[in-house]
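Here is what each chain is made of, one letter per residue.
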Amino acid sequence: MGDYGVVVLDFETTGLSPLSGDRVIEVGAVLVENNVVTDRFQSLMNPGMRVSRFIEEYTGISNEMLRDAPPVGDVMQRLTAFLDRHHLVAHNASFDQRFLDAELSRLQLRRKAEFACSLLVARRLYPEAPSHSLGALVNYRKLKTDGVFHRALADAEMTAGLWTAMIRELKSDYRLKRVPFAVMQRLMKLPKRNVPDYLRKLADEQD
DNA sequence: TGCCAGGCCCTCTTTAGGGCCTT
């Protein structure tokens, strides 16, 4: 015990911008407790609009699949229950955060949990990686996948795999006893050159 | 029909521009 629980989540959407009218079409989320996945949530959602051919091909989610899916609002209510009060993690979190907040706002709900971003942490821990896209990082760290990409639950599972791998490596490489959520949030914002010093000092403080 | 974001981060920087990420 002593580690935090976080929910790693991923949205598939009709496009890049909720302010331009884009909606969510699928959510995948995994609960990570003590650095192990202990629960999962996944659902397609009917956004009330047709998705473009590009999105159909990018995600493999067709308009036909969405036709009989539950409305976004129903799924977001169930997702809120799953999120409970856990902190949140996503790859390029600002994207998922914008969509989550936009959909909650339509329900007159507000997010209470804080986000951390696996992309921003990975840029600091693996500056030499050829790319910091989720797929590239999964290859770079040789993480297990089921070969599915750009579906919400598969991407959430891969992001969780990356997140837990980074925490394990922080513990082993810097002899950290604990890697609290606040430390990951701090890493997101730290200038790259300050990261090694910060982690060494943190290890000293934990001794 | 046609339109289409935002934040991070580097650099030939700060009176800016452009690539990377997310769908």
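Since the structure is predicted, the reported quantities are computational estimates derived from the model, not experimental observations. (Residues numbered from 1 in each chain as written. Chains lettered and ligands numbered in written order. Predicted model: local features only at pLDDT ≥ 70, side-chain atom pairs only at ≥ 80, totals over all residues. Heavy atoms only, no water.)

Mapped onto this numbering, the UniProt entry gives "domain: Exonuclease" (unreviewed entry) at residues 5–172. Between the first and last C-alpha atoms of residues 5–172 the distance is 20 Å; the span itself is 44% helix and 21% strand. (UniProt positions renumbered as here; feature names shortened; annotations may be inferred. Helix = DSSP H or I, 4+ residues; strand = E, 2+ residues; numbered from the N terminus.)

Per the counting criterion, the structure on display carries 7 salt bridges. The salt bridge involving Arg-151 is made with Glu-26; its shortest N-O contact spans 2.8 Å. Separated by 125 residues along the polypeptide, Arg-151 in the loop between helix H6 (134–140) and helix H7 (152–174) and Glu-26 in strand S2 (residues 24–33) bring together distant segments of the chain. Residue Asp-197 pairs with Arg-200 through a salt bridge whose shortest N-O separation is 3.0 Å. (Salt bridge = Lys/Arg side-chain N within 4 Å of Asp/Glu carboxyl O.)

Not every one of the 27 residues close to DNA strand B is listed here, only the nearest: Glu-12, Tyr-58, Arg-124, His-132 and Leu-134. Thr-13 places a polar main-chain atom, nitrogen or oxygen, 3.2 Å from a sugar or linking oxygen of DNA strand B. Secondary-structure elements contributing two or more residues to the surface near DNA strand B are strand S1 (5–13), helix H1 (53–59), helix H4 (93–106) and helix H5 (118–125). (Near = heavy atom within 4 Å. Polar contact = N/O pair within 3.5 Å; in protein donor to acceptor, adjacent residues only side chain to side chain.)

Residues three or four positions apart in an α-helix share a direction because the helix packs 3.6 residues into each turn. With 14 residues, H4 should reach 20 Å at 1.5 Å per residue; the first-to-last C-alpha distance of 20 Å fits that figure. What H4 keeps buried is the set Ala-93, Phe-95, Asp-96, Phe-99, Leu-100, Glu-103 and Leu-104. An end-on view of H4 places all buried positions within 160 degrees of arc, on one side of the element. Looking at the buried residues of H4, the elements they touch are S1, S2, helix H3 (72–83), strand S4 (87–90) and strand S5 (115–117). (Expected span 1.5 Å × (residues − 1). Buried < 20%, exposed > 50% of the residue type's maximum accessible area, 1.4 Å probe, protein only. Arc of directions from axis to C-beta. Contact = heavy atoms within 4.5 Å.)

Turning our eyes to something else, we now look at the packing of H5 against H7. For the pair H5 and H7, the least separation of the axes is 11 Å and the interaxial angle reads 40 degrees. In this view, H5 runs oblique relative to H7, as classed from their interaxial angle. Once H5 is placed against H7, the crossing between them reads as left-handed. Facing H5, whose interface residues are Ser-118, Val-121, Ala-122 and Leu-125, H7 presents Thr-159, Leu-162, Trp-163, Met-166 and Leu-170. (Axes fitted to C-alpha atoms, helices over the stretch in contact; angles between N-to-C directions. Parallel < 35°, antiparallel > 145°, perpendicular 65-115°, else oblique. Left-handed = near helix turned anticlockwise from the far one by under 90°.)

For the structure shown, the criterion picks out 4 aromatic pairs. Considering the side-chain rings of Phe-41 and Phe-82, the 5.5 Å spacing of their centres and the 35 degrees angle between planes classify their relative orientation as tilted. In this pair, Phe-41 is assigned in strand S3 (residues 36–44) and Phe-82 in helix H3, connecting sequence segments 41 residues apart. For the residue pair Phe-41 and Phe-82, the accessibility class agrees, reading buried in each case. In this structure, Arg-186 packs its charged tip against the face of Tyr-198, placed 5.6 Å from the ring centre. (Phe/Tyr/Trp six-rings, centres within 6.5 Å; stacked < 30°, edge-to-face > 60°. Lys NZ or Arg CZ within 6 Å of the ring centre and 35° of its normal.)

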